[in-house]
Amino acid sequence: MPEIAEVARIVHFLRQHLVGKRIASAAAVEDGNVFGKVGTSGPEVETALRGKKVVSAGSQGKYFWITFEKPPHLVMHFGMTGWVHIKGEKTAYTNYYKKMKDSELGDWPPKFWKFHLKTEGEAGTEVAFTDARRFGRVRLVDCPGNDIRKHSPLVENGPDPVQDTDVFTQEYLVKKMTTRHVPIKALLLDQTTISGIGNWVADETLYQAKLHPEQYCDEFSAAEMEKLYESIRYVCQTAIDKLGDSDEFPDHWLFNYRWGKGDKAAASKLPNGDKLAFITVGGRTSCYAPEVQKKTGHVVSNAKAELIDSVSRDKAPAKRSRKASTKTQRVEQEEIGHGPLAKKARIKHQSEAETKKEEPDAHVKHEGAEDSVRRRSARLRT
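A quick note: this is a predicted structure, and the numbers were derived from the prediction, not measured. Here the residue numbering is sequential within each chain, running from 1 through the sequence in written order. For this predicted model, a pLDDT threshold of at least 70 governs which residues receive local features, and a threshold of 80 or more governs which side-chain atom pairs are given and counted, while totals over whole chains, interfaces and linings are taken from all residues. Heavy atoms throughout the structure, all of them, feed into the side-chain values; hydrogens and water do not.

What's the story with the packing of aromatic side chains in this structure? I'm lost.
Aromatic ring pairs are described here by two measures, namely the spacing of the ring centres and the angle between the planes. Between rings of Phe, Tyr and Trp, where Trp is taken as its six-membered ring, a pair exists when centres lie within 6.5 Å; planes separated by under 30 degrees are stacked, by over 60 edge-to-face, and by other angles tilted. Evaluation of the coordinates by the stated rule reveals 12 aromatic pairs. Between Phe78 and Trp83, the aromatic rings sit 5.4 Å apart at their centres with planes inclined by 25°, giving stacked as the arrangement.

Have a look at this one:
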């Protein structure tokens, strides 16, 4: 799912190509998920867009918006696969979307579009919102443009760690950590606490801060909490400065090596030698470096850890296909949390795996990969 940096990238393009222009034409399909679940419709969005002058574009975490000369304004969320395309511009890039080729720039409107528009003028700008899986949301907010963050859904979300530095302070984070008793990874993913942090940003900040992802948030020292705050600011600011272009991220970041769970060709360690592992709690997966991110307090008791090393990879009794692995990665990138969308996606993947008679990966517990394989082999012999 696109996170704070990817959303900031799109806002950059909107400000560059759309703000200050008047919309000449617009079209929107009727989609009961993208529009209907947030109280609007395709025809209503068309009407709201057509003839309006775009005044501003902004973001708060994973939400972004376009304000017009008069309300209602457009507030959007990408969900898992949403994106904004601008004709002639390579808004798409690695990780969430493959880098666009020059030959693809002429395809318009792009596949899976939900609405698209064109501004006035002979060489008008053309913009489209796309969403293949329809978990994105596009809504209309009827309020003065300057007050948009005082209204739902933005008002219910926490501060943006880059834009709201007057609110997102070290004191703010410490208070949130010390007044709750949840795994620190869960706290970081809670959008009512901090806006914009999803799975990869949370894993990166915890790796940079050298904190275990499933340790309870109220059991860190003052120094560890300070380091986490600094890491959040560093990772989010750096990613936004690079406009979410993963090719420009620092080489030492965990991001560059965390995407291969279930893939035989995936990296098993970082260039500095730190081994990689995955830990799963409540259906959410975290990538971390156990030799660096050591426990200094209690962790969730039902966590399932899987060390990614040459032994476990070579001796694993079954492998998922690349197609199944890709589906799993998409589910793990979903930042909606433990809600119905994440659950639905996981159930769908499990059902497809059973249909294809795929054997799931063995979960390697803390005692090591070899013991897990031996136990499984014994069961098969009996």
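Even after reading the chapter, I still don't get helix α3 (residues 170-178), so can you show me in this structure?
Those residues of α3 lying buried are Tyr172, Leu173 and Met177. Down the axis, α3 shows its buried residues gathered within 130° of arc, on one side only. Residues of α3 that are exposed and point more than 90 degrees away from the buried face comprise Glu171 and Lys175. On its buried face, α3 is in contact with α4 (184-189) and α6 (222-241). The classification of residues rests on relative accessible area computed with a 1.4 Å probe and restricted to protein chains. Under 20% of the type maximum is buried, over 50% is exposed, and intermediate values are partly exposed. Numbering goes from the N terminus for both helices and strands, where a helix is a DSSP run of H or I of at least four residues and a strand is a run of E of at least two. In this context, the arc is that of the directions from the helix axis out to the C-beta atoms. Any two residues whose heavy atoms approach within 4.5 Å are treated as being in contact.

Explanation requested: the sheet that holds strand β3 (residues 63-68) in the structure shown.
Within a sheet, neighbouring strands are paired by backbone hydrogen bonds and run either parallel or antiparallel to one another. Taken in spatial order, the four strands make up an open sheet running β2-β3-β4-β8, and their pairing is antiparallel. The open sheet has two edge strands, β2 (54-60) and β8 (137-141), and neither has a second partner. Across this sheet, the average inter-strand angle for adjacent strands is 20°, counted without regard to direction. Inspection of the sheet shows strand β4 (residues 73-77) paired to β8 by five bridges, in the antiparallel sense. By the bridge assignment for β8, Val75 is matched with Arg139. Helix-sheet contacts for helix α1 (residues 4-17) involve β2 and β3, and the interaxial angle to β2 is about 170°. Where helices are involved, their axes are fitted lines through C-alpha atoms of the stretch in contact, as for all axes, and angles between N-to-C directions lie from 0 to 180°. The sheet contacts of helix α2 (residues 42-49) involve β3, β4 and β8, and relative to β8 the element is tilted by about 55°. Paired strands are those between which DSSP finds at least two bridges.

Where do I start with the side chain of Arg139 in this structure?
Examined against the element boundaries, Arg139 turns out to sit in strand β8. Note on charges: Lys and Arg go in the positive column, Asp and Glu in the negative column, and His and the chain ends are not counted at all. For salt bridges, the criterion is a side-chain nitrogen of Lys or Arg within 4 Å of an Asp or Glu carboxyl oxygen. Although Arg139 lies buried, it forms no salt bridge, and the closest oppositely charged side chain, Glu156, sits 7.1 Å away as judged by the N-O distance. Discounting residues that sit within four places of it in the chain, Arg139 has contacts with Val38, Thr40, Tyr63, His73, Leu74, Val75 and Pro153.

It is not clear to me how the sheet that holds strand β7 (residues 126-131) should be interpreted in this structure. Could you clarify?
Judged by pairing direction, the sheet is antiparallel, and its four strands sit side by side in the order β1-β6-β7-β5 without closing on themselves. Looking along the sheet, the strands with just one partner apiece sit at the ends: β1 (23-28) and β5 (82-86). Looking at each pair of strands side by side, their axes are set apart by 15° on average, direction ignored. In this structure, strand β6 (residues 113-119) lies alongside β7, joined through five bridges in antiparallel fashion. From the neighbouring strand, Lys118 faces β7, where its bridge partner is Glu126. Where α1 meets the sheet, it contacts β5 and β7, and its direction lies at approximately 25° from that of β5. Most of the contacts of α2 go to β1, to which it runs at about 175°, and overall it touches β1 and β6.

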